[in-house]
Amino acid sequence: MARKPPRPRPGSKRKTRLLYRPFGLLVGIVSGAAASALFTQAWKAVGRGSDAPDALDEDRTWREILIASALQGAIFAAVRAAVDRGGAIGVRRLTGTWPGGS
């Protein structure tokens, strides 16, 4: 049987958002590092084992640079969304209040 989250106290929504900010920043840093490692591994598979191209790398083609950028953006966005959502669910389970929004 699923456990119900605790009922929020009046005025606790603002406190929860304020307390969530430092947690969110820390988790954001960790998720950025994880996304970077994931991108490196993904590029090694897609880019035939080479390092990811830099936009100013003269020896790389436009196609290669744009594909790498799109892949990196997709990975970073997906990791961030998963971490943000998981953190918000965890905060709601602990406090009964959703940390974001109004």
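Everything numeric here is computed off the predicted structure, so don't read it as measured data.

## Re the environment of Ala-34
Piece 1. Structurally, the position occupied by Ala-34 is in helix α1 (residues 12–46).
Piece 2. Note: C-alpha distance between Ala-34 and Arg-80 (46 residues apart in sequence) is 9.7 Å.

## Some points on the layout of surface pockets
Piece 1. Estimates place the volume of the largest pocket at around 240 Å³.
Piece 2. Taken together, Tyr-20, Arg-21, Gly-24, Leu-25, Gly-28, Arg-80, Asp-84, Ala-88, Trp-98, Pro-99 and Gly-100 make up the lining of the largest pocket.
Piece 3. Counting residues per element, the lining of the largest pocket draws most heavily on α1, at five residues.
Piece 4. For the lining of the largest pocket, the residue count by class is five nonpolar, three polar and three charged.

## A short note on helix α2 (residues 62–95)
Piece 1. Taking 1.5 Å per residue, 34 residues should reach 50 Å; α2 reaches 49 Å between its end C-alpha atoms and fits that length.
Piece 2. Of all the residues in α2, the buried ones are Glu-64, Ile-65, Ala-68, Ile-75, Val-79, Gly-87, Ala-88 and Val-91.
Piece 3. Among the residues trailing α2, Gly-96 stands out with phi positive, at a value near 85 degrees.

## Focus: the pattern of salt bridges
Piece 1. Per the counting criterion, the structure on display carries three salt bridges.
Piece 2. Between Arg-60 and Glu-64 there is a salt bridge, and its shortest N-O distance comes to 3.1 Å.
Piece 3. Residue Glu-64 is classed as buried on the basis of its relative accessible area of 17%.
Piece 4. A salt bridge links Asp-84 to Arg-80, with the shortest nitrogen-to-oxygen separation between them at 3.3 Å. Of this pair, Asp-84 and Arg-80 both sit in helix α2, four residues apart, which is roughly one turn of the helix.
Piece 5. On the accessibility criterion, Arg-80 (55% relative accessible area) is exposed.

About the cut-offs
- Residues numbered from 1 in each chain as written.
- Predicted model: local features only at pLDDT ≥ 70, side-chain atom pairs only at ≥ 80, totals over all residues.
- Heavy atoms only, no water.
- Helix = DSSP H or I, 4+ residues; strand = E, 2+ residues; numbered from the N terminus.
- 1 Å grid on protein atoms, 1.4 Å probe; cavity = no way out; pocket = protein on both sides within 12 Å on 5 of 7 lines; lining within 4 Å.
- Points joined across faces, edges and corners; volume = space filled by probe spheres on them.
- Nonpolar A, V, L, I, M, F, W, Y, C, P; charged D, E, K, R; others polar.
- Expected span 1.5 Å × (residues − 1).
- Buried < 20%, exposed > 50% of the residue type's maximum accessible area, 1.4 Å probe, protein only.
- Salt bridge = Lys/Arg side-chain N within 4 Å of Asp/Glu carboxyl O.

Note that all results are geometric; they support no functional claim without further evidence.
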